[in-house]
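Chains, contacts and geometry: an overview
Here's the letter readout for the chains.
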Amino acid sequence: MWKRITLILLLVLSFSLSSPDVADAAGLKSFVDSADGYQFSYPNGWLAVKVADGPDVVFHDLIEVSENVSVVISPVPTGKTLPELGTPSEVGYKLGKAALAPVDSGRTAELINAAQKEVNGKIYYFLEYEVKLPNGEERHNISSVAVSRGKLFTFNASVPQRRWKKLQRMIDEVVSSFTVY
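Per chain, residue numbering runs from 1 following the sequence as it is written. Where local features are concerned, this predicted model is filtered to residues with pLDDT of at least 70; where side-chain atom pairs are given and counted, the filter is 80 or more; whole-chain, interface and lining totals use all residues. Here the side-chain values reflect all heavy atoms present in the structure, with hydrogen atoms and water set aside.

1. So, the sheet that holds strand β2 (residues 38-43)
If you trace the three strands from one edge of the open sheet to the other, you get β1-β2-β10, paired in antiparallel fashion. Strands at the two margins of the open sheet, each flanked by one partner only, are β1 (28-33) and β10 (179-180). Both β2 and β10 contribute to a ladder of two bridges, which runs antiparallel. Bridge pairing links Y38 to V180 in β10. Contacts were defined at the residue level, with two residues in contact if any of their heavy atoms lie within 4.5 Å. Only the stretch in contact is used when a helix axis is fitted, and all axes are lines through C-alpha atoms; the angle between N-to-C directions ranges over 0 to 180 degrees. Numbering of helices and strands starts at the N terminus; helices are DSSP runs of H or I of at least 4 residues and strands are runs of E of at least 2. Taken strand by strand, helix α5 (residues 164-176) contacts β1 and β2, and its axis lies near 165 degrees from that of β2. For two strands to be treated as a pair, DSSP must find no fewer than two bridges joining them.

Take a look at the structure:
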C-alpha cells in the first residue's frame, strides 16, 4: 500500500514539476523592441508576422489568425506631447478615422471608451472601439497610445466581436502591458 501511495505521489510531483508548459499556455510572453523603445506582453501561442509597409510588429493567434496585436510608430511634430495632440476622445476619434476606418474603406469605427492613465511618468490614452467591416463582420479593438522621443506609438489589439467577452480580460491585460521608454 505504501508503495502505491509513494508511486502516486511521485507521479503527481513529476506532473506538477513538468507542467510549466500548461501554465505558460495560459500565460503571456514578453516582446521588447529596445531599438524603437517599447515593450508589451502577448498571449503564448501567438506568432510574429512580417508586414510590408505596415505596422512595426504584428502578432496573431495561431488558430484564430484574425485575433492580433500590432504596433504602429508615427512621427509627431517636434516637442509635442500626447495631451498637446488632443484629449483622449479627440485622439481616439482621429485614430479611428485614420487607422481603423479610413475614407472609402467601407469600415466604420465607433469610439466607445477613451481614458487617460499615467504610468512611470508617461501619459497613455486607452481607446476602445467597435469596428464594422464591409463584409458585416464586427470587431472589438483596444488601443494604447503614447508619445516618446518624438514618435507616436499606437498599440492595437483586435478580436472578433463574437469572441470579445471570452478574451476581454486577457486583451485588457495585454494592452495595459504596453510601455514606451
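Read on, since the account is not over.
2. What to know about the packing of aromatic side chains
Paired rings are identified among Phe, Tyr and Trp, the last through its six-membered ring, by centres lying within 6.5 Å, and are further divided according to the angle between planes into stacked (under 30 degrees), edge-to-face (over 60) and tilted (the rest). Tallying each qualifying case throughout the model produces twelve aromatic pairs. Look at F31 and F40: their rings are 5.2 Å apart centre to centre, the planes differ by 35 degrees, and that puts the pair in the tilted class. Like F40, F31 is buried. Ring geometry for F40 versus F59: centroids 5.9 Å apart, planes at 80 degrees, classification edge-to-face. Of the two residues, F40 sits in strand β2 while F59 sits in strand β4 (residues 57-61), which places them 19 residues apart along the sequence. Partly exposed describes any residue whose relative accessible area lies between the buried limit of under 20% and the exposed limit of over 50%, with all areas from a 1.4 Å probe on protein chains only and scaled to the type maximum. By relative accessible area, F40 is classed as buried at 2%. Judged by relative accessible area, which is 4%, F59 ranks as buried. Put simply, the rings of F31, Y38, F40, Y42, F59, F153, F155 and F178 pair up and form one aromatic cluster.

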